[in-house]
Amino acid sequence: MKNTILIRENGPSGFFLLSIFSCLFVLTSSCKQQKKAPDEVDTTDSIVVDTTGKTPDVVYTLSSELYTADPSAHVFEGKLYVYPSHDFESGIPEDDLGSHFNMEDYHVFSMDSVGGEVTDHGLALHIDDVPWAGRQMWAPDAAEKGGEYFLYFPVKDKKDIFRIGVAKSTSPAGPFKALDLPIGGSYSMDPAVFEDADGKYYMYFGGIWGGQLQQWKDGEYLGEDLYPADDEPAIAPKIALMSDDMVSFAEAPKDILILDKNGDPIKAGDNDRRFFEAAWVHRYNGTYYLSYSTGDTHNIAYAIADNPYGPFTYQGVILDPVLGWTNHHSIVEYQGKWWLFFHDSSMSGGKTHLRSVKMTELTHNPDGTIQRLNAFEGN
Ligand code: FUB
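Residues numbered from 1 in each chain as written. Predicted model: local features only at pLDDT ≥ 70, side-chain atom pairs only at ≥ 80, totals over all residues. Heavy atoms only, no water.

Novice: Would you explain the overall build of the protein chain in this entry?
Specialist: Check the secondary structure of the protein chain and you find 0 helices and 28 strands. Looking at the protein chain as a whole, 58% of its 379 residues qualify as buried. In the protein chain, of all internal contacts separated by at least 6 residues, the share reaching a separation of at least 24 is 55%. For the protein chain, the accessible area works out to roughly 15,000 Å², and carbon and sulfur atoms hold 48% of it. (Helix = DSSP H or I, 4+ residues; strand = E, 2+ residues; numbered from the N terminus. Buried < 20%, exposed > 50% of the residue type's maximum accessible area, 1.4 Å probe, protein only. Contact = heavy atoms within 4.5 Å. Areas by Shrake-Rupley, 256 points an atom, 1.4 Å probe, with all protein chains shown as cover.)

Following this line, the structure appears as structure tokens:
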């Protein structure tokens, strides 16, 4: 496993960096990776600038065999499971709609301990086995209910419209069997399924630009882009309660409002703070944290609420831009600590569509705010 170090910033005004060094450990076949404890990391030839006086955090890279991105992490059966996109070089030229993200399948990773061996469980689902799919398998998520596992995945249908599909398995590692149709009433991409403390499950989803959210209004497909003016409320991520069977929505998707601290909606022109894609929700001390990517400004930002529907109030940035255009993450508690999963393009030398999943510890401050991280690893 490849470890690097990042520096934790000391509050919103701080902008601290950085470090970078790495040590590449011996790999066995099938992405089985060797463990090295954080305090054993080889610091030879490294430059670590810690202006906070705090201890830098270790960053773990999950695989040096596959390009992976958009990690959705969950604890199932006592292990950490990660459901990423599987990047590969398909030769499609880069454009603003993300055509170069032309992924065709998913793999699932798992580990028993942070920094321990990472298992790649092999092919979990291929686009050829999804009857309604056309192209581009983007950021997936997974959920468990009653011993059954559900893989949720966005993929364009045969009319080139993003829908959200479901595939089932009896194992969190898959393989998964896709249902014949996408979730009724689903559209756009980046599903994230959150299980609340009362046992209800909600899907958060949506993404603008290539994610097509701007082509939908009140559940109707417009077939063209409709963006609000800069001084109007930004396009909202969506939420829908999942039905008991976990393969359909129990309600029409609703908008999630994100407000500033004055109670006004974040505006469409507020590119540093407005929602773009990659919604994720976690619950900490009874508060709901919605985190998301700001897309073309490349932050992972967060907002809080006292219920899953919001409105959510903007708080700040969790993760500064990483190497590569996209920034996409998930947050999970495991073995008494909180972990941030993210990706960057360091392993491919900066190629936007060839990314690698990483993880590092995430800290909630005593007042409930989240410590801001900078994990930029340049070439
Ligand atoms: O991986 C394809 C797309 O890039 C994802 O769906 C977005 O969140 C962005 O990471």
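Novice: What is the right way to look at the pattern of salt bridges in this model?
Specialist: Once their charged atoms are close, side chains differing in charge can pair, the charge on each being opposite to the other. Applying the stated criterion across every chain yields a total of 16 salt bridges. The salt bridge involving Glu361 is made with Lys337; its shortest N-O contact spans 3.8 Å. Taken together, the positions of Glu361 in strand 27 (residues 356–362) and Lys337 in strand 26 (residues 337–344) put the pair 24 residues apart, joining distant regions of the chain. The exposure class of Glu361 is partly exposed, given its relative accessible area of 23%. The network of salt bridges with shared partners includes Asp70, Asp87 and Arg355. (Salt bridge = Lys/Arg side-chain N within 4 Å of Asp/Glu carboxyl O.)

Novice: Sorry if this is basic, but what is going on with the packing of aromatic side chains here?
Specialist: The way to describe two aromatic rings as a pair is by their centre distance and the angle between their planes. What the rule picks out here adds up to 22 aromatic pairs. Ring centres 4.8 Å apart and planes at 45 degrees place the aromatic pair Trp138 and Phe162 in the tilted group. Note that Trp138 is positioned in the loop between strand 9 (133–135) and strand 10 (141–145) and Phe162 in strand 12 (residues 162–169), a separation of 24 residues in sequence. Under the relative-accessibility criterion, Phe162 is labelled buried at 0%. Ring pairs connect the aromatic residues Tyr187, Phe205, Trp216, Tyr221 and Phe249, which therefore count as one cluster. The aromatic ring of Tyr314 is capped on one face by Arg273, whose charged end is 5.3 Å from the ring centroid. (Phe/Tyr/Trp six-rings, centres within 6.5 Å; stacked < 30°, edge-to-face > 60°. Lys NZ or Arg CZ within 6 Å of the ring centre and 35° of its normal.)

Novice: Got a minute to help me understand the pairing of strand 22 (residues 287–293) in this structure?
Specialist: Side chains on a regular strand alternate between the two faces of the sheet. For strand 22, the tally of buried residues reaches 6 of 7 residues, placing the bulk of the element in the interior. Here 6 bridges tie strand 21 (residues 277–284) to strand 22, and the two strands are oriented antiparallel to one another. Across the sheet, the residue bridging to Glu277 is Ser293, located in strand 22. Hairpin remark: strand 21 followed by strand 22, antiparallel, with 2 residues in the connecting loop; positive phi at Asn285, about 50 degrees. (Pairing = 2+ DSSP bridges.)

Novice: Help me understand the sheet that holds strand 7 (residues 105–111) in this model?
Specialist: Within a sheet, each strand pairs with its neighbour through backbone hydrogen bonds, oriented either parallel or antiparallel. Reading across from one edge, 5-6-7-8 is the order of the 4 strands in this open sheet, with antiparallel pairing throughout. With partners counted over all chains shown, the strands left at the sheet margins are strand 5 (67–76) and strand 8 (118–126), one partner each. Ignoring strand direction, the axes of neighbouring strands in this sheet form an average angle of 25 degrees. (Axes fitted to C-alpha atoms, helices over the stretch in contact; angles between N-to-C directions.)

Novice: Explanation requested: the side chain of Ser330 in the structure shown.
Specialist: Tracing the backbone shows Ser330 in strand 25 (residues 330–334). Not counting residues up to four positions away in its chain, the partners in contact with Ser330 are Pro71, Ser72, Ala73, Trp280, Trp339, Leu340 and Phe341.

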